[in-house]
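# Analysis of the macromolecular model
The residues making up each chain are set out below.
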Amino acid sequence: MKQFDIFDLPPTRTVAIIGGGPAGLMAAEVIAAAGHQVSVYDAMPSVGRKFLLAGVGGMNITHAEPAEDFRARYSANSHFINTLKQFDADALRSWVHGLGVETFVGTSGRVFPADMKAAPLLRAWLHRLRELGVKIYPRHRWLGFENNKELIFSAQENGNNTTKRITADAVLLALGGASWQRLGSDGAWVPLLRERDVQVSTLVPSNCGFDVSWSELLRSQHAGAPLHGVGLSCSDLQGMHRSILSEAIISVYGIEGTGIYALSKYLREQLTQNGSALLNIDLLPDLPLEKIVQRLNKPREKNSLSNFLRKQLNLSPAKLALLRELTSKQTFEKTDLLALAIKKLSLTLTAARPIDEAISSAGGVAAKELDSAFMLKKMPGVFCAGEMLDWDAPTGGYLLTGCFASGRAAGFGVVRYLQAQP
Ligand SMILES: Cc1cc2nc3c(=O)[nH]c(=O)nc-3n(C[C@H](O)[C@H](O)[C@H](O)COP(=O)(O)OP(=O)(O)OC[C@H]3O[C@@H](n4cnc5c(N)ncnc54)[C@H](O)[C@@H]3O)c2cc1C
């Protein structure tokens, strides 16, 4: 990644990056490629743990939809969106290819590494970083700043616990959000920035499941059952209709799955404002209401109602159970009402699942605290990137692309900052 002409290169400076996830490592690559001495500190015994976990179920690195649609998936300010123009899905794919890992586009438009795994990509990437001279210090937990100058770490080295004080010409924080805390990002950095008067919006679960007060019958018989090919919709706080054709999973506590994650921002906002949220489910989005009525009006003959519905409408047992759970007996006696219920079941969500279970978190360092290079206005020389910034996006490769793009932009910010220092 050579971006600077040899004559522009500033004298070598030291840069401390705290957090070795996709955002921190991408920044490390940019800054080291510009000739600076980069040290990456991470609290965990190794870097990239969440990135590796993301690769377990099939690493979805970005999305191949048209650029404008792609960017429209993000809830972020224009500055963040701009970084996605500078490092878009195509650029990200080229970067992955440059590491010797091929990619392919799945039927949904999602982009995956050829073998669906994150480990080969991370291995090749760490090799490149080592070649660039990047030093990685695992088991170094950042505890805060002292006098704006020193970074305080609790470190474990050779089996000993020590406190370290480190100074650097520039600092880049890429500490992640607060989901899946056992992988390293635990949100413990939030008070460390707030005490420096940096505004941080509370970290909240995103791309998460929700609680529903299921009957014992539904919970015991259908928890874990998928709802394939459903239309899911809700309103956002401005009253706009938000919908997706996707799938969901009935869980012991409520409902989760890709389609639910995609609407989680709006559902979460409804919950915050009203104490509950309403999700609409169209069990047969491909079948217009009139067609359903027509089929329901066919003679039932000797079939039980469940059998009849299964045969006429191809409703799975889980969809049928949901229909029974959320409608009255009277609805089942009237064809028109039943058809309407199939097209629009209303499900009340009572709470978002805890942040630790979420795929990602929203909230973080407020956009107004950062300049156009992702530097904290109140702390010159300290930059931020990745999920710890206040933006939100659904699953589908958008999260990683946002982390890579902001890490890269903040990395260039650091290089320009150092160039401007006497
Ligand atoms: C199960 C799961 C599956 C996912 N799948 C996908 C997917 O397929 N596609 C996609 O786009 N996204 C996916 N994501 C989301 C994606 O992995 C994250 O958004 C991304 O890893 C965030 O990158 P980051 O660099 O900002 O933070 P992180 O990856 O969280 O890295 C932050 C690093 O900072 C370190 N750290 C935190 N605090 C300290 C401290 N005080 N001192 C020192 N170090 C510290 C942590 O140990 C960690 O290594 C998935 C997430 C999960 C949980």
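Throughout, residues of each chain are indexed from 1 in the direction in which the sequence is written. In keeping with the model being predicted, local features are shown solely for residues with a pLDDT of at least 70 and side-chain atom pairs are shown and tallied solely at 80 or more, while totals for entire chains, interfaces and linings include all residues. Side-chain metrics in this entry use all non-hydrogen atoms of the structure; hydrogen atoms and water are not considered.

## A look at the packing of aromatic side chains
This is how the line gets drawn: Stacked, edge-to-face and tilted are the three classes for Phe, Tyr and Trp ring pairs, Trp counted by its six-membered ring, which pair at centre distances within 6.5 Å; planes under 30 degrees apart are stacked, over 60 edge-to-face, the rest tilted. Only protein chains enter the accessibility calculation, which uses a 1.4 Å probe. A residue is then buried if its area is under 20% of the maximum for its type, exposed if over 50%, and partly exposed in between. Any Lys NZ or Arg CZ found within 6 Å of a ring centre and within 35 degrees of that ring's normal is scored as a charge over the ring.
Tallied over the entire structure, the rule returns 16 aromatic pairs. Each ring, one from phenylalanine 104 and one from phenylalanine 112, has its centre 5.5 Å from the other, and the planes form 25°; the classification is stacked. Among the residues examined, phenylalanine 112 registers a relative accessible area of 12% and is labelled buried. Feature note: the residues Phe70, Tyr74, Phe80, Trp391 and Tyr398 constitute an aromatic cluster, connected by ring pairs. One Lys or Arg, arginine 353, reaches over the ring of tyrosine 253 and ends 3.8 Å from the middle of that ring.

## A word on the packing of helix 10 (residues 289–296) against helix 11 (residues 305–313)
The test is simple: Each axis is a line fitted through C-alpha atoms, and for a helix only the stretch in contact is used; angles between axes span 0 to 180 degrees, taken between their N-to-C directions. A run of H or I in DSSP counts as a helix once it spans at least four residues, and a run of E counts as a strand once it spans at least two, with each numbered from the N terminus. Convention used here: angles under 35 degrees read as roughly parallel, angles over 145 as roughly antiparallel, angles from 65 to 115 as roughly perpendicular, and any remaining angle as oblique. Less than a right angle of anticlockwise turn of the near helix away from the far helix marks a crossing as left-handed, whereas a clockwise turn marks it as right-handed. Any two residues whose heavy atoms approach within 4.5 Å are treated as being in contact. Ten residue types, Ala, Val, Leu, Ile, Met, Phe, Trp, Tyr, Cys and Pro, are classed as nonpolar, four, Asp, Glu, Lys and Arg, as charged, and the remainder, Gly among them, as polar.
Where helix 10 contacts helix 11, the axes come no closer than 10 Å and their chain directions differ by 130°. For the element pair helix 10 / helix 11, the angle class is oblique. Helix 11 is crossed by helix 10, and the crossing has right-handed handedness. Residues Ile292, Arg295 and Leu296 of helix 10 form the contact with helix 11, whose participating residues are Phe308, Leu309, Gln312 and Leu313. Per-class residue counts for the contact of helix 10 with helix 11 are five nonpolar, one polar and one charged.

## Description of the pattern of salt bridges
Where we set the bar: Here, a salt bridge means any Lys or Arg side-chain nitrogen found within 4 Å of an Asp or Glu carboxyl oxygen.
Counted according to the given criterion, the structure contains 14 salt bridges. Put simply, glutamate 216 and arginine 219 hold a salt bridge, and the shortest N to O gap is 3.2 Å. Of this pair, glutamate 216 and arginine 219 both sit in helix 8 (residues 216–222), separated by three residues, roughly a single helical turn. One salt bridge in this structure joins lysine 265 and glutamate 269, with 2.7 Å as the shortest N-O distance. Residue lysine 265 and its partner glutamate 269 are both found in helix 9 (residues 258–274); the two are separated by four residues, about one turn of the helix. Salt bridges linked by common partners bring Glu146, Glu150 and Arg165 together as one network.

## Thoughts on the domain arrangement of the protein chain
The line we're drawing: Domain extents, as shown, originate in an automatic or database domain assignment. Simply put, the buried area is the total loss of 1.4 Å probe accessible area from both parts when two parts are fitted together. Definition of a polar contact: a pair of N or O atoms within 3.5 Å, with one able to donate and the other able to accept a hydrogen when the atoms are protein atoms, and with sequence-neighbouring residues admitted only if both atoms are side-chain atoms.
Entries for the protein chain in the domain assignment read domain 1 (2–205 + 361–420) and domain 2 (210–352). Placing a centre on the C-alpha atoms of domain 1 and another on those of domain 2 gives a separation of 39 Å. Taken residue by residue, the interface counts eight residues in domain 1 and six residues in domain 2. Across the interface of domain 1 and domain 2, roughly 510 Å² is buried in total on both sides, 57% from carbon and sulfur atoms. For the domain 1 face of the interface with domain 2, the top three residues by lost area are Pro205, Asp392 and Thr395, together amounting to 54%. Inspection of the domain 1/domain 2 interface yields one salt bridge. We note a salt bridge from arginine 268 to aspartate 392, for which the minimum N-O separation is 3.4 Å. Scanning the region where domain 1 abuts domain 2 turns up two residue pairs in polar contact (both at pLDDT 80 or more). By residue class, the composition of the side of domain 1 that touches domain 2 is four nonpolar, two polar and two charged.

## Remarks on the sheet that holds strand 6 (residues 135–137)
Sheet strands pair by backbone hydrogen bonding; their relative direction is either parallel or antiparallel. Note the threshold: Here a strand pair is declared whenever DSSP counts at least two bridges between the two strands.
What the five strands build is an open sheet, ordered 6-2-1-10-20; its pairing is parallel. Each of the sheet's edge strands pairs with one partner strand only, and the pair in question is strand 6 and strand 20 (382–384). When strand polarity is set aside, the average angle formed by the axes of neighbouring strands in this sheet is 20°. In the sheet, strand 1 (residues 14–18) pairs with strand 10 (residues 170–173) via four bridges, with the strands oriented parallel. By the bridge assignment for strand 10, isoleucine 17 is matched with leucine 172.

## A few points about the sheet that holds strand 12 (residues 210–211)
The antiparallel open sheet is built from seven strands, whose spatial order is 17-16-13-14-15-12-18. A strand with exactly one partner marks an edge of an open sheet, and here the two such strands are strand 17 (345–349) and strand 18 (351–352). As defined by bridge partners, strand 13 (residues 226–235) adjoins strand 14 (residues 241–250) across eight bridges and the pair is classed as antiparallel. Paired with cysteine 234 across the strands is arginine 242, a residue of strand 14. Across the sheet, helix 9 touches strand 12, strand 13, strand 14, strand 15 (254–256), strand 16 (277–282), strand 17 and strand 18, and the angle it forms with strand 14 is around 120°. Packing of helix 12 (residues 317–326) onto the sheet brings it into contact with strand 13, strand 14, strand 16 and strand 17, and relative to strand 13 it is tilted by some 40°.

## A closer look at helix 10
Count 3.6 residues to each turn of an α-helix, and residues three or four apart come out pointing the same way. Here is the rule we go by: Think of the arc as the fan of directions from the helix axis to the C-beta atoms.
Buried within helix 10 we find Ile292, Val293 and Leu296. Within helix 10, the buried residues cover an arc of 100° as seen down the axis, which keeps them to one side. Opposite the buried face of helix 10, at more than 90 degrees from it, the exposed residues are Glu290 and Gln294. On its buried face, helix 10 is in contact with helix 11 and helix 14 (335–343).

## Topic: the state of the cysteines
A covalent bond bridging the sulfur atoms of two cysteines is what the word disulfide describes. Our working rule: Cysteine sulfurs are considered disulfide-paired once they come within 2.5 Å of each other.
Counted under the stated rule, the structure contains zero disulfides. Of the cysteine sulfurs around cysteine 208, a residue in no disulfide, the closest is that of cysteine 234, at 12 Å. Cysteine 403 forms no disulfide, and the closest cysteine sulfur to it belongs to cysteine 384, at a distance of 13 Å.

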